[in-house]
Amino acid sequence: DGGITQSPKYLFRKEGQNVTLSCEQNLNHDAMYWYRQDPGQGLRLIYYSQIVNDFQKGDIAEGYSVSREKKESFPLTVTSAQKNPTAFYLCASSKRQAWENTEAFFGQGTRLTVV
Amino acid sequence: GNSVTQMEGPVTLSEEAFLTINCTYTATGYPSLFWYVQYPGEGLQLLLKATKADDKGSNKGFEATYRKETTSFHLEKGSVQVSDSAVYFCALDSSYKLIFGSGTRLLVRP
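> How should I be thinking about the packing of aromatic side chains in this particular structure?
What describes a pair of aromatic rings is the distance from one ring centre to the other and the angle between the planes of the rings. Inspection of the entire model under this criterion finds 12 aromatic pairs over all chains. Centroid distance Tyr35 of chain A to Phe106 of chain A: 6.1 Å. Interplanar angle 40°. Geometry classified as tilted. Within this pair, whereas Tyr35 of chain A is found in strand β4 (residues 31–37), its partner Phe106 of chain A is found in strand β10 (residues 105–106), the two being separated by 71 residues in sequence. The two residues Tyr35 of chain A and Phe106 of chain A agree in class, both being buried. Where Tyr64 of chain A meets Tyr89 of chain A, the ring centres are 5.9 Å apart and the plane angle is 65°; that geometry is what we call edge-to-face. Here Tyr89 of chain A lies in strand β9 (residues 87–94) and Tyr64 of chain A lies in strand β7 (residues 64–66), a separation of 25 residues in the sequence. Tyr89 of chain A carries the same exposure label as Tyr64 of chain A, and that label is buried. Every member of this aromatic cluster is reached through a ring pair, and the members are Tyr35 and Phe106 of chain A together with Phe34, Tyr36, Phe89 and Phe100 of chain B. Above the ring of Phe74 of chain A, the side-chain terminus of Arg68 of chain A is found at 6.0 Å from the ring centroid.

Cut-off values and rules
Residues numbered from 1 in each chain as written. Chains lettered and ligands numbered in written order. Predicted model: local features only at pLDDT ≥ 70, side-chain atom pairs only at ≥ 80, totals over all residues. Heavy atoms only, no water. Phe/Tyr/Trp six-rings, centres within 6.5 Å; stacked < 30°, edge-to-face > 60°. Helix = DSSP H or I, 4+ residues; strand = E, 2+ residues; numbered from the N terminus. Buried < 20%, exposed > 50% of the residue type's maximum accessible area, 1.4 Å probe, protein only. Lys NZ or Arg CZ within 6 Å of the ring centre and 35° of its normal.

In structure tokens form, the structure reads like this:
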């Protein structure tokens, strides 16, 4: 079955360490996105990529980095520079750049806790 | 900039009650509008969408109408079930990315 897979589901990190969250899709989608979700808040966009080897900063990119070397994969690295990294991270993909006639598919999310 | 405002939750209803979750937006142009649902511990799923003014999106008994004159996209359901308990997000597309509201938690009691 086609879908978007995030791993791991739960992740614990010590302060000062970098950690990478995985996101893979087999939907042949061009665009991929990373969102952060905090309790009581909506989703905030971290980074997005509309095509392989290209990505743009979202609203809260500081302390994060991404790569898009393959169409299927869009890993997110949470660096030690991110001051408050504990959150629920959601990856999404869509078929093409325009949202009008397509939908975004979301992964199950990764809950990151800094200990 | 573009934004979405949702009513604060939680919204608590008894089974078979009528549901309305308010959503208003600020945007330039004519964005597409969406409702997503998130069940506990999961990602988001598209519930319905509307791409132009006066369009009505519908799915699983839920409906929302794109109202350009009031810049609104309120979610409604005539008779909620316990299984509808979830967080509902209103969203609009803006320059090839989605902007989400803060979400509204719905609790349906038997």
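Continuing now.
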